[in-house]
Amino acid sequence: MARDDKNYWLDQQCAQAFWDQRLALPYQELLNDTARWLDVRAGEHWLDLGCGCGQLTTTLWQRSGAQIGEIVSMDCNAVNAEAIDKLRRKLVVAGKTPPIRFVVGNFSSGLPQFADESFDGIVSGLAISYAESCDAQTGRYTDQAYNHLLAEMFRVLKPGGRLVFSVNVPHVRFWPIFWKSLRRASRISKPVKTLINSMRMLAYGHWLQREARRGRFHYFPIGEIEQRLRQVGFADFRFCHSYAKQAYVIDVRKAALIAQQEPTAKRMIAPRQTA
C-alpha cells in the first residue's frame, strides 16, 4: 500500500467486537434473509468468505441437515480461529465433528490458495466490499482488488455453483443498526459487554464510511454490483434489502454454459482509480 493506513479488520479487538453482532436484531434479519437463499446439499463443499465468528458457517451446516461435505471458513484475522474451533465443538452431532476448516487469508489478493472449480457454493456476509488495492505509482485507491475477487469467486466455483453474499448499501448509515440493536441489549446475558462492543462497532463503522469515501472500500449501488457480476460471468441475479435496509443480499450462480466460455481473466473489469 502506498499509504500507511491501518486496517482494523486485522486487529484482534475489532474482530472480537464484531462477534457480538450476531446478537443484534438487524444482523438476525440479515442472517435469515441470507439463509433463505442458501441451497446447500449433502456432500457439497462450500466457502464462507470473511467468516468472522462463523454465523454463516453454522447456517451452512444447519441448512445441509449436518450432511455437508466440507465448509472452508476463511478470514483475514487469525483470532477468528478460536471462534470457529468453539463452533466446531458446539455443532458435534452424534459424535460426528463437523467438517469445518478455518483458513487465514486476505481476499484482497484473490483466492490463490484454492484450485479452479473447488466449491459448490460460496457465502459471504458484509465482507467483499473490503477488498482493497492501491496503485503503486499514483498512490490512489482502485477497485482492482474488488473486481479481481469477483473473478476469483467465479473461478473457484464449479459450473452451476451458487454465490450468496451481502454488502452494505451506498452511504450506509450505521446509526439505525445501532439503535435497533439496543432494543435487545438489556435482554441478553452480558448487556454491558454487548453495549461496549456495540459502541466499538459504531466507531469502526465511522472508519469504514470514511475509507469508503476515499475509495479504499466499496459500497456500490445495486445496479453497478449486478453489472460487475454479470461481466465476470455470473447469471440469475436477484437481490433484496436487509439489515435495517442498510445492506443488500445478493444471489447469483455460475451457469454451466457460461463456465465453458472465454477464460475469466479475459473478462476482468478494468480498475478505476479514486483520488
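Definitions and limits used
Residues numbered from 1 in each chain as written. Predicted model: local features only at pLDDT ≥ 70, side-chain atom pairs only at ≥ 80, totals over all residues. Heavy atoms only, no water. Axes fitted to C-alpha atoms, helices over the stretch in contact; angles between N-to-C directions. Helix = DSSP H or I, 4+ residues; strand = E, 2+ residues; numbered from the N terminus. Parallel < 35°, antiparallel > 145°, perpendicular 65-115°, else oblique. Left-handed = near helix turned anticlockwise from the far one by under 90°. Contact = heavy atoms within 4.5 Å. Nonpolar A, V, L, I, M, F, W, Y, C, P; charged D, E, K, R; others polar. Buried < 20%, exposed > 50% of the residue type's maximum accessible area, 1.4 Å probe, protein only. Polar contact = N/O pair within 3.5 Å; in protein donor to acceptor, adjacent residues only side chain to side chain. pLDDT = per-residue confidence, 0-100. Pairing = 2+ DSSP bridges.

S.K.: Honestly, the packing of helix 5 (residues 144–156) against helix 8 (residues 222–232) in this entry has me stumped. Any pointers?
M.R.: Helix-helix packing is described using two parameters, namely the angle between the two axes and the distance between the axes. Where helix 5 contacts helix 8, the axes come no closer than 9 Å and their chain directions differ by 50°. Between helix 5 and helix 8, the crossing angle belongs to the class labelled oblique. In this structure, helix 5 crosses over helix 8, and the sense of that crossing is right-handed. Of the residues in helix 8, those touching helix 5 at Tyr146, Asn147, Leu150, Ala151 and Phe154 are Ile225, Arg228, Leu229 and Val232. For the contact of helix 5 with helix 8, the class distribution of residues is seven nonpolar, one polar and one charged.

S.K.: I'm lost on the side chain of asparagine 147 in this one. Help?
M.R.: Here asparagine 147 shows up in helix 5. Given a relative accessible area of 0%, asparagine 147 falls into the buried group. Among the polar contacts listed, one links the side chain of asparagine 147 to the side chain of arginine 228, at a separation of 2.6 Å.

S.K.: What is the right way to look at the environment of valine 123 in this model?
M.R.: Relative to the assigned elements, valine 123 resides in strand 4 (residues 119–125). Through-space distance from the C-alpha of valine 123 to that of serine 166 is 8.6 Å; in sequence the pair is 43 residues apart.

S.K.: Mind showing me how you'd approach the confidence of the model for the chain here?
M.R.: Do not read the predicted coordinates in detail wherever pLDDT is low. In this model, the chain carries an average pLDDT of 86, and 81% of its residues clear a pLDDT of 70 or more. The low-confidence segment residues 258–268 (pLDDT under 50) makes 16 contacts with residues lying over four places distant or belonging to another chain.

S.K.: Teacher, can you tell me more about the sheet that holds strand 2 (residues 70–75) here?
M.R.: Sheet strands line up and pair through hydrogen bonds in the backbone, either parallel or antiparallel. Within the open sheet, the seven strands sit side by side as 3-2-1-4-7-9-8. Their pairing is mixed. A single partner strand is all that each edge strand has here, and the edge strands are strand 3 (100–104) and strand 8 (235–242). With direction set aside, neighbouring strand axes in the sheet form an average angle of 15°. Relative to strand 2, strand 1 (residues 45–49) runs parallel, the two being bridged by five bridges. Each residue of the ladder has a partner; that of leucine 49, found in strand 2, is methionine 74. Set on the sheet, helix 4 (residues 80–90) makes contact with strand 2 and strand 3; between it and strand 3 the angle comes to about 180°.

S.K.: I would appreciate a short explanation of unusual backbone geometry in the present structure.
M.R.: As a rule of thumb, non-glycine residues mostly have phi less than zero, and peptide bonds are mostly trans rather than cis. Phi is positive for aspartate 236, close to 55°, though the residue is something other than glycine. Here aspartate 236 lies in strand 8. A positive phi angle, near 60°, is found at tyrosine 243, a position not held by glycine. Along the polypeptide, tyrosine 243 turns up in the loop between strand 8 and strand 9 (247–253).

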